[in-house]
Amino acid sequence: MAKSTPGVLSAALTRILRPLVRILLKNGISYRTFADIARRQFVEIAQKEFGIEGRKQSVSRIALITGLTRKDVSRLLEFSVPADMEKTDRYNRASRVITGWKRDKDFLNSKGNPDILPISGSGKTFQQLVSRHSGDIPYRAVLDELVRAEVVVCPDENRVKLIEQAYLPRGDEEMKLHILGVDTSYLIDTIRHNLYENESEAFFQRKVLYDNLPDEMLPTLRRLSSNNAQALLEKLDIWLSRHDRDVNSQIKGSGRNTAGIGIYYFEEPFSKKD
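Residues numbered from 1 in each chain as written. Predicted model: local features only at pLDDT ≥ 70, side-chain atom pairs only at ≥ 80, totals over all residues. Heavy atoms only, no water.

Draft legend 1. Region of the structure containing the overall build of the protein. Tallying secondary structure elements over the protein gives nine helices and three strands in all. The order of helices and strands in the protein, counted from the N terminus, is α-α-α-α-α-β-α-α-β-β-α-α. Along the longest, intermediate and shortest principal axes, the C-alpha atoms of the protein span 65 × 50 × 45 Å. The 274 residues of the protein split such that 20% are buried. At a minimum sequence separation of 6, the contacts of the protein that also span at least 24 residues come to 45%. Just so you have it, the protein exposes about 20,800 Å², and 54% of that area is on carbon and sulfur atoms. (Helix = DSSP H or I, 4+ residues; strand = E, 2+ residues; numbered from the N terminus. Buried < 20%, exposed > 50% of the residue type's maximum accessible area, 1.4 Å probe, protein only. Contact = heavy atoms within 4.5 Å. Areas by Shrake-Rupley, 256 points an atom, 1.4 Å probe, with all protein chains shown as cover.)

Draft legend 2. Spotlight on the packing of aromatic side chains. Enumeration over the complete set of coordinates arrives at two aromatic pairs. Considering the side-chain rings of Tyr-264 and Phe-266, the 6.0 Å spacing of their centres and the 40° angle between planes classify their relative orientation as tilted. For Tyr-264, a relative accessible area of 55% puts it in the exposed group. (Phe/Tyr/Trp six-rings, centres within 6.5 Å; stacked < 30°, edge-to-face > 60°.)

Draft legend 3. Fine view of helix H8 (residues 173-196). For H8, spanning 24 residues, the distance from its first C-alpha to its last is 35 Å, which sits close to the expected 34 Å at 1.5 Å a residue. Taken together, the buried positions of H8 are occupied by Met-175, His-178, Ile-179, Thr-190 and His-193. (Expected span 1.5 Å × (residues − 1).)

Draft legend 4. Structural detail: the nonpolar core. One finds Trp-101, Phe-126, Leu-146, Val-151, Val-152, Val-160 and Tyr-167 to be the most contacted residues of the largest nonpolar core, which totals 22 residues. Within the second largest apolar cluster, seven residues are counted, among which are Ala-46, Ala-63, Leu-68 and Leu-76. (Core = buried A, V, L, I, M, F, W, Y, C linked by side-chain atoms within 4.5 Å.)

Draft legend 5. Summary view of the side chain of Thr-125. Its place among the elements puts Thr-125 in the loop between strand S1 (117-118) and helix H6 (126-134). The class for Thr-125 is buried, based on a relative accessible area of 2%. Look past the residues within four positions of Thr-125 in its chain and what remains in contact with it is Phe-107, Leu-117, Pro-118, Ile-119 and Ser-120.

Draft legend 6. Focus on the packing of helix H3 (residues 59-66) against helix H4 (residues 70-77). Across the interface, H3 lies against H4 with an axial gap of 9 Å and an inter-helix angle of 110°. Classified by the angle their axes make, H3 and H4 are roughly perpendicular. With respect to the hand of their crossing, H3 and H4 are arranged in right-handed fashion. Of the residues in H4, those touching H3 at Val-59, Ser-60, Ile-62, Ala-63 and Thr-66 are Arg-70, Val-73, Ser-74 and Leu-77. In terms of residue class, the contact of H3 with H4 is built from five nonpolar, three polar and one charged. (Axes fitted to C-alpha atoms, helices over the stretch in contact; angles between N-to-C directions. Parallel < 35°, antiparallel > 145°, perpendicular 65-115°, else oblique. Left-handed = near helix turned anticlockwise from the far one by under 90°. Nonpolar A, V, L, I, M, F, W, Y, C, P; charged D, E, K, R; others polar.)

Draft legend 7. Representation of the sheet that holds S1. Strand order across the open sheet formed by three strands is S1-S3-S2, with antiparallel pairing between neighbours. What marks the edges here is a single partner per strand, and that holds for S1 and strand S2 (152-156). Strand direction decides the pairing type here: S2 and strand S3 (residues 159-162), joined by three bridges, are antiparallel. Looking at the pairing, Val-152 lines up with Leu-162 of S3. The strands touched by helix H7 (residues 139-148) within the sheet are S2 and S3, with S2 carrying the most contacts at an inclination of about 105°. (Pairing = 2+ DSSP bridges.)

Draft legend 8. Spatial organisation of unusual backbone geometry. Phi is positive for Glu-150, close to 60°, though the residue is something other than glycine. Its place among the elements puts Glu-150 in the loop between H7 and S2. Assessed through its relative accessible area of 45%, Glu-150 is described here as partly exposed.

Draft legend 9. Structural context of a nonpolar patch on the surface. A cluster of nonpolar residues, Leu-187, Ile-191, Leu-195, Tyr-196, Leu-209, Tyr-264 and Phe-266, forms a patch on the protein surface that exposes about 760 Å² of accessible area. For Tyr-264, the location among the structural elements is in the segment after helix H9 (218-243). (Patch = residues over 30% accessible without salt bridge, like charges linked within 9 Å, V, L, I, M, F, W, Y side chains within 5 Å. Salt bridge = Lys/Arg side-chain N within 4 Å of Asp/Glu carboxyl O.)

Draft legend 10. Geometry of the packing of H6 against H7. With their axes 9 Å apart at the nearest point, H6 and H7 run at an angle of 100° to one another. Comparing the axis directions of H6 and H7 gives the class roughly perpendicular. Taking contact as the criterion, the partners of Phe-126, Gln-127 and Val-130 in H6 are, on H7, Tyr-139, Val-142, Leu-143 and Leu-146. Classifying every residue of the contact of H6 with H7 by side-chain character gives six nonpolar, one polar and no charged.

Draft legend 11. Examining H6 more closely. Phe-126, Leu-129, Val-130, His-133 and Ser-134 are the residues of H6 that are buried. Viewed end-on, H6 has its buried residues packed into an arc of 95°, placing them on one side of the element. Downstream of H6 by one or two residues, Gly-135 has phi in the positive range, about 80°. (Arc of directions from axis to C-beta.)

See the structure below:
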């Protein structure tokens, strides 16, 4: 490790923690709780990824790597953290239903757009859409979620219409916090990959940024970035759906992988401190 690396990494960590700490304090998460979670992650990663090949990872070595006591390591190894699978499953299922509605020709109108569907019954209905693209979850549960998120509307009690191109959990703060964990971890892991892999194997990681923009142009930039980013994501969504075995059961091949691309917009008042 170069001599400058600890200082640069400390500065990077400070930048990462600044917005995160704002969220933690806003949601009543104390430093003690944060420190407990951090300790668990230090121990878990040290145990799984920093062992010596051919030898079982020991409590003593984990303590040495992490700087924790052997007592703390032993305690944390016995502690299991529940996975947030319910939120992940709900998000994935809702997204798959929307994707199916936009791509599956059986649920499109004569112009190739998502059709207004009868809610239940056989044939081209919302019930059949959910069954085909989201498995055995009750279609009413999916409908309630999409209505609550303002992704669909019901023109009457028997029909449902898609009004958004993506599942955005409006008003659901818990789901938004879940997405914080998922999306941020993907971004940081992409940067980690690019730090330590050959440039020829680097993942795509780019941004465009200017720091002397007037207030008046920001609304235009938001619209421009939103429209262009949405168009790109929809194009990639079409390609991915053709190659994903959950959507296309005819796809063959080995392994099971998660892959995609995330785009985000940012703005803030300029500060020389940053």
